Amino acid sequence: MANSLTSSNPLVLHGRHFGRTVFALCNYPALLTSGILRLEELQDIPVEDYPADVRREHRVFMELVDSYPGLLEHLTNGEEEDIILVGELLGKGASGARGDDTKTLKSAVLEWLVPRGQVVIPPLSRNIKSDRGFNHEVTGALLCPAGLDWSNAETKQGLKSGEIAVRGDQWPMFLYAGNIYDPEEPWKGLLRSEILIFGFKHVFTSPSSVDREPKATRSGNAYLHGMKSVTKASLAYIATQVRFSLSSSSVFSRTDTITDSDNFYHSILDLLEDPDENEEVADLMMWWTRRVFPNSSSSQRSISKNSALSKIREKRAILQERATAGAT
């Protein structure tokens, strides 16, 4: 199944898409090794008894083996070296895709900072990032943590000097539609900004689709992998990539405590996977899918009024109500 670390290896290609859409920042050999051992443990211990982070890791493991035919059988019947090699191939794909996206977004993001026709003042370099982040008025305003006032000179200086440290779970203003954050309604506009839409389309439906009507091109990553809806992890991934592209950091690293990208990615995923936030998250995911994949079935769930289908549903609801009332 795995005998080459070349980029055309099926496992490498699978890792590219899996990293973007299911789980981006993880050690794949460790994920597979732990997952196989846990399958044996689960015969005696229910998964609900594990801590939340282990439950998530196991869910990711199961999604991975379910998404690649024959993988689980290969891993369970193989030697430890086989598991490590498969993990390295998947990891090579995931990190390769992340590196490619980081590279292309570095220059692409400069087109999305101000309305079309306007220019960024002072101009920003496409190749050197040292003048981005809190060192520039425009990127600084976008990266300023929600709840802080970028227009306050003391705050601005504190962010620029590093005196005010920004953790990954202090979300930046650019995540909000119109860059407007309401502390009384923290969900309002969250993860619905134009720059996120541009970033998502750039990576998943092709760079040229950013300026056009939303549709997956035949060369786009979404089309190539049969992706027809926005996933929670893909949204967290794009937010992480856009945040990094706006920063002054030159090298993407999970262990970088300045950008704290690992914490940022996981904090967004934590919110999107929180069962208590189901209603807001479902609405958000539908909103995204309608904008990026408007022709997919998952974005067309609303039923036309007065249609035959709507009448059938109405009648079924009435019958169920009567049955429930009769049973009480």
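Attention in this report is confined to the structure presented alongside it. All figures in this text were calculated on a predicted structure; none of them were measured in a lab. Each chain carries its own residue numbering, running from 1 in the written order of its sequence. Given that this is a predicted model, residues contribute local features only at a pLDDT of at least 70 and side-chain atom pairs are listed and counted only at 80 or more, while totals for whole chains, interfaces and linings are drawn from all residues. As a rule here, side-chain values come from all non-hydrogen atoms in the structure, and water together with hydrogens is ignored.

Turning our eyes to something else, we now look at the overall build of the chain. A count of helices and strands for the chain gives 13 helices and 0 strands. Helix and strand definitions follow DSSP, with helices as H or I runs of at least four residues and strands as E runs of at least two, each counted in order from the N terminus. What you see in the chain, going N to C, is helices and strands ordered as α-α-α-α-α-α-α-α-α-α-α-α-α. For every residue, the accessible area obtained with a 1.4 Å probe (protein chains only) is divided by the maximum for its type, and the residue is called buried under 20%, exposed over 50%, and partly exposed between those limits. The buried share of the chain, taken over its 328 residues, is 45%. In this analysis, two residues are considered to be in contact whenever any of their non-hydrogen atoms come within 4.5 Å of each other. Partitioning the contacts of the chain with sequence separation of at least 6, the portion at a separation of at least 24 is 64%. Accessible areas in this description were obtained via Shrake-Rupley with a 1.4 Å probe; residue shielding takes into account the shown protein chains only. Total accessible area computed for the chain in this model is approximately 17800 Å², and 51% of it derives from carbon and sulfur atoms.

You can see Asp-260 is positioned in the loop between helix H10 (232-246) and helix H11 (261-272). We treat Lys and Arg as the positive residues and Asp and Glu as the negative residues; His and chain ends play no part in the count. By definition, a salt bridge exists where a carboxyl oxygen of Asp or Glu is found within 4 Å of a side-chain nitrogen of Lys or Arg. Buried charge without a salt bridge: Asp-260, with Arg-167 as the nearest opposite-charge side chain at an N-O distance of 5.4 Å. Among the polar contacts listed, one links the side chain of Asp-260 to the side chain of Asn-263, at a separation of 3.1 Å. Asp-260 has contacts with Arg-167, Gly-168 and Arg-243, leaving out every residue within four places of it along the chain. Distance and chemistry together define a polar contact, namely a pair of N or O atoms within 3.5 Å, with one atom able to donate a hydrogen and the other to accept it when in protein, and with adjacent residues in sequence counting only for side-chain atoms on both sides.

Per the stated rule, a full pass over the model turns up 11 salt bridges. Put simply, Arg-56 and Asp-270 hold a salt bridge, and the shortest N to O gap is 2.5 Å. Here the residue Arg-56 occupies a position in helix H3 (residues 52-67), and Asp-270 occupies one in helix H11, the gap between them amounting to 214 residues. Here Glu-273 ties to Arg-59 by a salt bridge, and the two come within 2.6 Å at their closest N and O atoms. In this pair, Glu-273 sits in the loop between H11 and helix H12 (278-292) while Arg-59 sits in helix H3, placing the two residues 214 residues apart along the sequence. According to the relative accessible area criterion, Arg-59 is partly exposed, its value standing at 31%. Salt bridges here are not isolated pairs; linked through shared partners, they connect Arg-56, Arg-59, Glu-63, Asp-270 and Glu-273.

Throughout, nonpolar core names a set of buried Ala, Val, Leu, Ile, Met, Phe, Trp, Tyr and Cys residues whose side chains join them through atoms within 4.5 Å. Leu-113, Leu-175 and Trp-288 are the most contacted members of the largest nonpolar core, which totals 80 residues. For this core, the element with the highest residue contribution is H10, accounting for 9 residues. Those residues in contact with Leu-175, other than ones at most four positions away along the chain, are Gly-189, Leu-190, Leu-191, Arg-192, Ser-193, Leu-196, Ala-239, Phe-264 and Ile-268.

A cis amide bond, omega -10°, links Ile-121 with the succeeding residue Pro-122. Mapped onto the elements of the fold, Pro-122 is located in the loop between helix H5 (80-108) and helix H6 (137-143). You will see that Leu-191, though not glycine, has its phi angle at about 60°, which is positive. As for its placement among the helices and strands, Leu-191 is situated in the loop between helix H7 (153-161) and helix H8 (194-204). In this structure, Asp-260 is a non-glycine residue whose phi angle is positive, near 50°. With relative accessibility at 17%, the residue Asp-260 sits in the buried group.

Further remarks concern the packing of aromatic side chains. Only Phe, Tyr and Trp rings are paired, with Trp represented by its six-membered ring, and only when their centres lie within 6.5 Å; those with planes under 30 degrees apart are stacked, over 60 edge-to-face, the remainder tilted. The final tally for this structure, using the stated rule, is 9 aromatic pairs. Measuring from ring centre to ring centre gives 5.2 Å for Phe-244 and Phe-252, while their planes differ by 65°; the resulting arrangement is edge-to-face. Classification of Phe-252 by relative accessible area gives buried; the value is 18%. Feature note: the residues Phe-200, Phe-204, Trp-287 and Trp-288 constitute an aromatic cluster, connected by ring pairs. Over a ring means this: the NZ of a Lys or the CZ of an Arg is within 6 Å of the ring centre and within 35 degrees of the ring normal. In this structure, Lys-129 packs its charged tip against the face of Phe-244, placed 3.7 Å from the ring centre.

On to the environment of Pro-183. Along the chain, the position of Pro-183 falls in the loop between H7 and H8. Each C-alpha atom of the pair Pro-183 and Gly-147 lies 7.1 Å from the other, and the pair is 36 residues apart in sequence.

Of note, Ile-164 is situated in the loop between H7 and H8. What Ile-164 contacts, discounting residues up to four positions off in sequence, is Leu-148, Thr-155, Gly-158 and Leu-159.

The terminal C-alpha atoms of H3 lie 22 Å apart, and with 16 residues this matches the ideal 22 Å at 1.5 Å per residue to within 8%. Residues of H3 that are buried include every one of Arg-56, His-58, Val-60, Phe-61, Leu-64 and Val-65, and no others. Buried residues along H3 sit against helix H1 (10-21), helix H2 (28-41), helix H4 (71-77), H5 and H11. Any helix carries an expected span of 1.5 Å times its number of residues minus one.

This part is about H8. Burial within H8 is extensive, with 10 of its 11 residues counted as buried. With its phi angle positive at about 110°, Ser-206 sits one or two positions after the end of H8.

In this section: the side chain of Thr-155. Mapped onto the elements of the fold, Thr-155 is located in helix H7. Here Thr-155 falls in the buried class, since its relative accessible area comes to 14%. Ignoring anything within four residues of it in the chain, the contact list for Thr-155 reads Leu-148, Asp-149 and Ile-164.

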